[in-house]
Structure formats: C-alpha cells, structure tokens
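Chains, contacts and geometry: an overview
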Amino acid sequence: MSNPVCWLASYPKSGNTWVRFLLHQYFFGRAERSLEIASTLPDVHGHSGELVGRPVETRSGPVTLAKTHHRCSPTMPFAAQSARAIYIARHPRDVMWSCLNYAKIVCAPEVATRITARGYAKNYIHLGGDPQFIQIGYGSLIEHASSWLREPQVPVLLVRYEDLRRDTSRGLAEMVAFLGARVDEAEIERSVENSSFERMRAIEEADVASGEADRVFAARPTARAEGRRFMNAGTLGRSLDEIAPGMDVDLEARFRSYLDLTGYERSAASTERSTT
C-alpha cells in the first residue's frame, strides 16, 4: 500500500529545490549528490507509476514527501494519496528573474539568444506568469496559488521564500512540526548549514562534472558549457525598474490578487494605482 503524501507544492522557480534539500538534510542526513534528494523526496513530474520515496516517520505514521508544480485538483497525479501540503510562495518579481534565467538555460540556443529581459518581463506581467509553464498547464501564479490556498482539500502550510531566507531555522522547524515529526534544534541548525546556497551550488558543480545533474539541476549542455547554472543567484528583491522605469508598479498591479493571497505587502505606488 502506498504511503500518504505531503506535497511540496510551488509554482516553478519559487524555492522548491531548496526546501527539498532542507527536509532531506533534516530527516535523512547530509546529502553529497542531488540524486540522493531525487530518490528520497521524489519529483512527481518524473514518475508515471508508483510514487516511490523514502518515507518520513510522523506521529500519524509514515509520509512520503514529494515535489509538485501541478495545480491542486482531484485529477492531479497521485491526488488520492494527498494528506497535506507545504506551499512555497515567492514574490512574483523574484520568480520573474529566476524564470528568466531558467528559460535561458533550458531553451534551445536559437531561442535562448532571442530572449531579452525587457521582452520576457513584459510578457510575464501580461500573462501573469511564465509562458512555458502556463502552456504546460501550471497556470498563472494566482491560478496556481489559489488552487492550493483558497479552498484547501488538505491541511496546507504556507511558506514564503523570503521568510525562509530571513530565518531558515525557524522556517524549517515550522515545516517539521507541521509534518508531525519531532523538532530537534541541533539537527535543524546542521540541516540549514548543509543546505546553504554555496553548498547546493557545489553539489551542482559536482553533479555536472559527473554527468548526474539533470534529475534536479536542469540545464542544456551548451548552457552549462557557457557557465550557466540552475543554482543561479537566489534573487531577493531585485527591482524590475532596472529593465524599464515603472515596471515594478506594473508587476504589482498585475499580481495584486496573488500578493494579497500570500500576504505580501504592496508598495505605496502600487496601492495608489489600485485605488484610482
């Protein structure tokens, strides 16, 4: 019989990989390769049969932790195994920068060279999300977040990327407690240290050297040869106004519902626009 699942759910490029690393380090010890993460906390997008992972022991019994970018619905893969979910949200401005980098490292070279920051950002704001991810079926940011947060079918813990960056130990402890597992403060600190950006980047470099990077750290070979990496910068608060003046306000106006749903404050300029 398959174990119940706690989904690690997010719109792509919102910090899901980091959360998987943090939880793996806490429950299963220090990881040396990303394949360890892929085998213990599986990615639903790489499974068509049984969702196999290494279960976490909780007060209510064993639970499999699994990554998903699907919108929450009764028809999503393995929906019947859903027990709870950790939903990772990120400010849409930072998601935009991360999606832009991702597009440049996974798209075919002839496509990647035509992607400009201005063109991509305008399209992202107009559509309410990344065009590729919308086409796949993940929807816009507000559609995705709403499916998990507005009328949750299972208990959901909202984790904002920025809050996790600000106090990673506290955020990890909250996730462990939400799962119904014992919180060990010393192990929390070790897990945070083992999941730093620098260490994750070092693991990606080791995976690239050994040819094992694609399961977690996606990128086309030519992009890697150019020095581009999945672990890019962990952008936080970078303004879109460096692309074009007024673009931050345009973004906040477009993503107003998402910001309100996930508890982000809007700038004074954005709030003024929404009331005029």
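A brief structural summary. (Residues numbered from 1 in each chain as written. Predicted model: local features only at pLDDT ≥ 70, side-chain atom pairs only at ≥ 80, totals over all residues. Heavy atoms only, no water.)

Things to note about the packing of aromatic side chains
Note the threshold: For Phe, Tyr and Trp, rings pair up if their centres lie within 6.5 Å, where Trp contributes its six-membered ring, and each pair is then called stacked (planes under 30 degrees apart), edge-to-face (over 60) or tilted (otherwise). Each ring is checked for a lysine NZ or an arginine CZ that lies within 6 Å of its centre and within 35 degrees of its normal; such an atom marks a charge sitting over the ring.
For the structure on display, the rule yields 7 aromatic pairs. An aromatic cluster is built from Tyr 11, Phe 133 and Tyr 138, whose rings are joined through pairwise contacts. The aromatic ring of Tyr 161 is capped on one face by Arg 90, whose charged end is 4.2 Å from the ring centroid. Above the ring of Trp 97, the side-chain terminus of Arg 238 is found at 3.6 Å from the ring centroid.

With respect to the pattern of salt bridges
Inclusion rule: Criterion for a salt bridge: a side-chain nitrogen of Lys or Arg within 4 Å of a carboxyl oxygen of Asp or Glu. For helices the rule is a DSSP run of H or I covering at least 4 residues; for strands it is a run of E covering at least 2, with both sets numbered from the N terminus onward.
On inspection of all chains with the given rule, the structure shows 9 salt bridges. Glu 143 serves as the salt-bridge partner of Arg 71, at 3.8 Å between the closest nitrogen and oxygen. Separated by 72 residues along the polypeptide, Arg 71 in the loop between strand 3 (61–68) and strand 4 (82–89) and Glu 143 in helix 7 (residues 141–149) bring together distant segments of the chain. In this structure, Arg 182 engages Asp 184 in a salt bridge whose closest nitrogen and oxygen atoms are separated by 3.8 Å.

Notes on the packing of helix 1 (residues 16–28) against helix 10 (residues 185–194)
Filter applied, for reference: Interaxial angles span 0 to 180 degrees and are taken between N-to-C directions of axes, which are lines fitted to C-alpha atoms, for helices over the stretch in contact. Any angle between 65 and 115 degrees counts as roughly perpendicular, while under 35 counts as roughly parallel, over 145 as roughly antiparallel, and the rest as oblique. Take the far helix as the reference: if the near one is turned anticlockwise from it by less than a right angle, the crossing is left-handed, and if turned clockwise, right-handed. The criterion used for residue contact is that any of the two residues' heavy atoms lie within 4.5 Å. Each residue gets one label: Ala, Val, Leu, Ile, Met, Phe, Trp, Tyr, Cys and Pro are nonpolar, Asp, Glu, Lys and Arg are charged, and the others, such as Gly, are polar.
Two elements in contact, helix 1 and helix 10, have axes whose closest approach is 8 Å; the angle formed by their N-to-C orientations is 135 degrees. Relative to helix 10, helix 1 is oriented oblique. For the crossing formed where helix 1 meets helix 10, the hand is right-handed. Along the contact surface, helix 1 presents Leu 22, Gln 25 and Tyr 26, while helix 10 presents Glu 187, Ile 188, Ser 191, Val 192 and Asn 194. Each residue belonging to the contact of helix 1 with helix 10 can be placed in one class, and the counts come to 4 nonpolar, 3 polar and 1 charged.

Remarks on the sheet that holds strand 1 (residues 5–10)
The condition that has to hold: Being paired, for any two strands, means DSSP has found at least two bridges between them.
An order of 2-3-1-4-5 is seen for the 5 strands of this open sheet, with the pairing classed as mixed. Whereas interior strands pair on both sides, the edge strands pair on one side only; in this sheet they are strand 2 (56–58) and strand 5 (156–160). On average, each strand axis in the sheet is tilted by 30 degrees relative to the strand beside it, whichever way the strands run. Both strand 1 and strand 4 contribute to a ladder of 6 bridges, which runs parallel. Bridging from a neighbouring strand, Val 5 pairs with Ser 82 of strand 4. In this fold helix 7 packs onto strand 1, strand 3, strand 4 and strand 5, with an angle of close to 140 degrees to the strand it touches most, strand 4.

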